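# An overview of the molecular structure
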Amino acid sequence: MTTVASVQEGTDSPYALSHLDALESEAVHIFREVAGEFEKPVILFSGGKDSIVMLHLALKAFAPAAVPFSLLHVDTGHNFPEVLEYRDRVVAAHGLRLHVASVQDYIDRGVLKERADGTRNPLQTLPLTEKIQSEKFDAVFGGGRRDEEKARAKERVFSLRDEFSQWDPRRQRPELWNLYNGRHAPGEHVRVFPLSNWTELDVWQYIAREGIELPEIYFAHEREVFQRGGMWLTAGEWGGPKDGESVEKRLVRYRTVGDMSCTGAVDSDATTLDAVIAEIAVSRLTERGATRADDKLSEAAMEDRKREGYF
Amino acid sequence: MSTITTEGLSATTLLRFATAGSVDDGKSTLVGRLLHDSKSVLTDQLEAVERASAGRGQDGPDLALLTDGLRAEREQGITIDVAYRYFATPRRRFILADTPGHVQYTRNMVTGASTAELTVVLVDARNGVVEQTRRHAAIAALLRVPHVVLAVNKMDLVGYEEAVFAAIAEEFTAYATELGVPEVTAIPISALAGDNVVEPSANMDWYGGPTVLEHLETVPVSHDLAHCHARLPVQYVIRPQTAEHPDYRGYAGQIAAGTFRVGDPVTVLPSGRTTTISGIDLLGRPVDVAWTTQSVTVLLADDIDVSRGDLIVPTKDAPATTQDVEATVCHVADEPLTVGHRVLLKHGTRTVKAIVKDIPSRLTLDDLSLHPHPGQLVANDIGRVKIRTAEPLPLDSYADSRRTGSFILIDPSDGTTLTAGMVGESFAAPEPVTDEADDDGWDF
């Protein structure tokens, strides 16, 4: 080993932040930049753990004042009831304003058609982008993390979207230091990802450290499920089980929360945060690989949806 | 390598680092091995790579598919953009800025290096220090990345010879030291065979130093803050105006450098008004002291005018404010930067109008020579510029502070990020640039 002009050998400085403190501080910085530079930001809030952590960070960023953003939920119509209950309770507790963009409305009006495979995830893009346009949101916080998917690994923290909400990976702005560039033309908006640098494990550790409450479906519970495409899906009116698929009661939990038609449960007996963290730390599957059917549609499924305006 | 356990995990620190290597130096293999051997590549990801590789008629899994995330990248077999990767060991968590090594992607290396505390420069042991290696060292020096690792790769192809490694390490270290790189650690590796990446090599018992991963796990992540100029760019003013907090007025921001304590006399720039810190809230919790990269809210003893864009500094250690910025820049946009260009300059939390007054020189990275008065900088060019701003800015030298010594230029017409700037002298400008007469005949 050749070492020249060593700055400081040995242990970490007492001023070094723990990785969770560093990620928290960075995310808060991102929330405050948006509050300082945009007219009408909104936080995408699904009641899933990433959006719950985003809201928690926003509450801390502006304390003791209120969060200066409203929330937006894209409701697929196939949500877990426990999650909707959680969503409404949190919104009420913090006196927040919730916008809902409803996929069911679009289907009822005949604007969108139900897909043969029953999944409604790809149908979220139109209600989302139209709501952004009609409410004139200029910054839209998403809980996307770069560790989720390889197209996401290329995503900027501030991601410029054109008037059609499209993402063009070749036209991304370089992001230098922590100098985020939020300039955009009228009609364009910026997707902002404060959890870009977090991993699934970071999110869980942070939830444990901060004592954040989650919807119960994240913890092991008995549930009627059936197998489709290698995943345990919840039986329900959304379209399962079909002929040849049989329902059984299993001890499961969810790693992600999304549309019931494409979000799978995993076998688990983890009933506490510590048990969940221990389970994830040794898991050999990524969260999306384990539980999301829509990402398996093609090698570039996520990239293609993102290009169209998906979050 | 042990698997992560839950206990003690949150006490680990975070290291941001970047890789730099030419196309065939084995960068993907090194990144792949770090991810794979630290158990950060999970079964379904490997399966996806195997599926894609097989679908394209390849025999084994192509690990580059793990890191090339975009359709165009996979189609062309190249990396076109910076990607960020995450992995962890029981000792530390890592954010890797995986930057393309191609010559025309200097801007991507600059992007990756801007937030990195360490850069790994890869060299092919058979070729030694080449032009591209010098370019990587120069960018690491320019961006003032505190730690540089020279990974001499493909040692298996030179018979694991100590002499080969020693000669390359010596040449590189001498060159990097001349550029002002504070620390170089040279490690002989074979990314393909796994020598000295995660596991120590049995083939090179003459090498007594750490493996790449060991070094990444133990390199210090913070400097001694006692010697840093304290700086807090004000991002947002927090005023609840509620019954519970009728008079709360807090100045929120992420500490860019140094430490702040309750009771410190401070000055607010650019106005120059002085007061005292009466309280510090660390995300809702009052503290006596706060330091670099903590996001805080500062309360001041006097009711003075402070708003987004202002900089709070210790009264005894305030930077001068100026409207004349001299800097080394890397141009990152496709459209050239020209003399007379009207731009926006974002420094900390402040964005001001500015005009490019002069481009005294362009740097040739190959030999570090200066090309005088190039007239413009095109994409990936590094050069010296002189910029006049519409309002005074409190600028530090980039050598003193990577955060308050850096800025970006933005095209006011479409918001494009044009240029990355580093204030003050650098190795790229050994001779001081003299001021020309001010031209007051312009406005916006």
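Residues numbered from 1 in each chain as written. Chains lettered and ligands numbered in written order. Predicted model: local features only at pLDDT ≥ 70, side-chain atom pairs only at ≥ 80, totals over all residues. Heavy atoms only, no water.

A few words on the overall build of chain B. Looking only at helices and strands, chain B has eight helices and 25 strands in total. Buried positions account for 59% of the 444 residues belonging to chain B. Across chain B, contacts joining residues at least 24 apart in sequence account for 70% of those joining residues at least 6 apart. Accessible surface computed for chain B: about 16900 Å², of which carbon and sulfur atoms make up 48%. (Helix = DSSP H or I, 4+ residues; strand = E, 2+ residues; numbered from the N terminus. Buried < 20%, exposed > 50% of the residue type's maximum accessible area, 1.4 Å probe, protein only. Contact = heavy atoms within 4.5 Å. Areas by Shrake-Rupley, 256 points an atom, 1.4 Å probe, with all protein chains shown as cover.)

On to the overall build of chain A, then. Within chain A, the regular secondary structure consists of nine helices and 10 strands. The burial tally for chain A puts 63% of its 311 residues in the buried class. At a minimum sequence separation of 6, the contacts of chain A that also span at least 24 residues come to 74%. When the accessible area of chain A is evaluated, it comes to approximately 11500 Å², of which 49% is carbon and sulfur surface.

Take empty space enclosed by the protein next. Per the stated rule, a full pass over the model turns up eight cavities of 30 Å³ or more. Put simply, the second largest cavity is a space of about 110 Å³. H29, E33, N178 and L179 of chain A together with P233, Q235, Q254, A256, G348, T349 and R403 of chain B are the residues that line the second largest cavity. Looking at side-chain class alone, the lining of the second largest cavity contains three nonpolar, six polar and two charged residues. (1 Å grid on protein atoms, 1.4 Å probe; cavity = no way out; pocket = protein on both sides within 12 Å on 5 of 7 lines; lining within 4 Å. Points joined across faces, edges and corners; volume = space filled by probe spheres on them. Nonpolar A, V, L, I, M, F, W, Y, C, P; charged D, E, K, R; others polar.)

In the structure shown here, the tally under the stated rule is 17 aromatic pairs over all chains. Above the face of the Y106 of chain A ring, R109 of chain A is positioned so that its terminal group lies 4.5 Å from the ring centre. (Phe/Tyr/Trp six-rings, centres within 6.5 Å; stacked < 30°, edge-to-face > 60°. Lys NZ or Arg CZ within 6 Å of the ring centre and 35° of its normal.)

Below, the discussion takes up the pattern of salt bridges. Taken as a whole and assessed by the stated rule, the structure comprises 37 salt bridges over all chains. Residue K346 of chain B is joined to E33 of chain A by a salt bridge in which the shortest nitrogen-to-oxygen separation is 2.8 Å. In this pair, K346 of chain B sits in strand β19 (residues 342–347) while E33 of chain A sits in helix α1 (residues 19–37), so the two residues belong to two different chains. There is no split in this pair, since K346 of chain B and E33 of chain A are both buried. Through salt bridges with shared partners, one network takes in D21, E24, K60, R209 and E210 of chain A. (Salt bridge = Lys/Arg side-chain N within 4 Å of Asp/Glu carboxyl O.)

Residue and element names in this part refer to chain A. Partitioning chain A into domains gives domain 1 (19–201 + 300–308) and domain 2 (216–296). Taking only C-alpha atoms into account, the centre of domain 1 sits 23 Å from that of domain 2. The partner domain 2 presents 24 residues to the 24 residues of domain 1 that form the contact. Both faces considered, domain 1 and domain 2 share a buried interface measuring about 2000 Å² in area, 52% of it formed by carbon and sulfur atoms. In terms of surface lost to domain 2, no three residues of domain 1 exceed H78, F80 and E200, which account for 32% of the buried area on that side. Scanning the region where domain 1 abuts domain 2 turns up two salt bridges. (Domains from an automatic or database assignment. Buried area = accessible area lost by both parts, 1.4 Å probe.)

We now examine the sheet that holds strand β2 (residues 83–88) of chain B. Residues and elements named next belong to chain B. The strand order across the open sheet built from six strands is β2-β3-β1-β4-β5-β6, with neighbouring strands paired in mixed fashion. Here the strands that pair on one side only, and so sit at the sheet edges, are β2 and β6 (184–188). Direction aside, the axes of adjacent strands within the sheet are offset by 25 degrees on average. The strands touched by helix α6 (residues 131–142) are β1 (13–20), β4 (118–124) and β5 (147–153); relative to β4, the strand with the most contacts, the crossing angle is about 170 degrees. (Pairing = 2+ DSSP bridges. Axes fitted to C-alpha atoms, helices over the stretch in contact; angles between N-to-C directions.)

Attention now moves to the environment of N178 of chain A. By secondary structure assignment, the location of N178 of chain A is in the loop between β5 (158–161) and β6 (189–192). Between the alpha carbons of N178 of chain A and G236 of chain A there is a distance of 46 Å; along the sequence they are 58 residues apart. Ignoring any residue separated from it by four or fewer positions in sequence, one finds N178 of chain A in contact with H29 of chain A together with Q254 and R403 of chain B.

With numbering matched to this structure, UniProt assigns "domain: Phosphoadenosine phosphosulphate reductase" (unreviewed entry) to residues 41–264 of chain A. For residues 41–264 of chain A, the helix share is 25%, the strand share is 20%, and the end-to-end C-alpha distance is 31 Å. (UniProt positions renumbered as here; feature names shortened; annotations may be inferred.)

Let's shift gears to the domain arrangement of chain B. Residues and elements named next belong to chain B. Entries for chain B in the domain assignment read domain 1 (14–218), domain 2 (226–317) and domain 3 (321–423). Computed over C-alpha atoms, the centres of domain 2 and domain 3 are 28 Å apart. In this complex, domain 2 contributes 15 residues to the contact, which on the side of domain 3 involves 11 residues. Of the roughly 1100 Å² buried between domain 2 and domain 3 on both sides combined, carbon and sulfur atoms contribute 59%.

Another aspect to go through is the environment of S190 of chain B. Residue and element names in this part refer to chain B. Position of S190 relative to the elements: it lies in the loop between β6 and α8 (212–218). We classify S190 as buried; its relative accessible area is 1%. Once residues lying within four places of it in the same chain are set aside, the contact partners of S190 are N153, K154, M155, D156, Y160, D195 and V197.

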